[in-house]
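Report on the structure
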Amino acid sequence: MSDHDVHDAVEAFLSEADDAYGEYEQGYTDADATLRRLETAIEELRTATEE
């Protein structure tokens, strides 16, 4: 995996995490839904960086 690919994967993760936290803070989602969303984003980041 190139440095560019890792950078893109990290940027995508951070964007998703920011969105998840933001929606939680605004009351749009509950804690369980936010954690599931973050778990998915973490798994996607892991998969992307292992390739």
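On a predicted model such as this, the values are computed, not experimentally measured, just so you know.

1. A short note on the environment of Ser-15
- Structurally, Ser-15 can be placed in helix H1 (residues 3-25).
- Residues Ser-15 and Ala-41, spaced 26 residues apart in sequence, show a C-alpha to C-alpha distance of 9.6 Å.

2. Digging into the nonpolar core
- Of all hydrophobic cores here, the largest spans five residues; its members are Phe-13, Ala-17, Ala-20, Leu-38 and Ala-41.
- Elements supplying a minimum of two residues to this core: H1 and helix H2 (31-50).
- With three residues, the top contributor of residues to this core is H1.

3. A word on the pattern of salt bridges
- Scanning the model with the defined rule gives three salt bridges in all.
- For Arg-37, the salt bridge identified is with Glu-16, shortest N-O distance 2.4 Å. Within this pair, whereas Arg-37 is found in helix H2, its partner Glu-16 is found in helix H1, the two being separated by 21 residues in sequence.
- In this structure Arg-37 comes out as partly exposed when scored by relative accessible area, which is 24%.

4. Side note on the side chain of Thr-34
- Examined against the element boundaries, Thr-34 turns out to sit in helix H2.
- The exposure class of Thr-34 is buried, given its relative accessible area of 6%.
- When sequence neighbours within four positions are dropped, the list of residues in contact with Thr-34 reads Ala-20, Tyr-24 and Thr-29.

The rules behind each value
Residues numbered from 1 in each chain as written. Predicted model: local features only at pLDDT ≥ 70, side-chain atom pairs only at ≥ 80, totals over all residues. Heavy atoms only, no water. Helix = DSSP H or I, 4+ residues; strand = E, 2+ residues; numbered from the N terminus. Core = buried A, V, L, I, M, F, W, Y, C linked by side-chain atoms within 4.5 Å. Buried < 20%, exposed > 50% of the residue type's maximum accessible area, 1.4 Å probe, protein only. Salt bridge = Lys/Arg side-chain N within 4 Å of Asp/Glu carboxyl O. Contact = heavy atoms within 4.5 Å.

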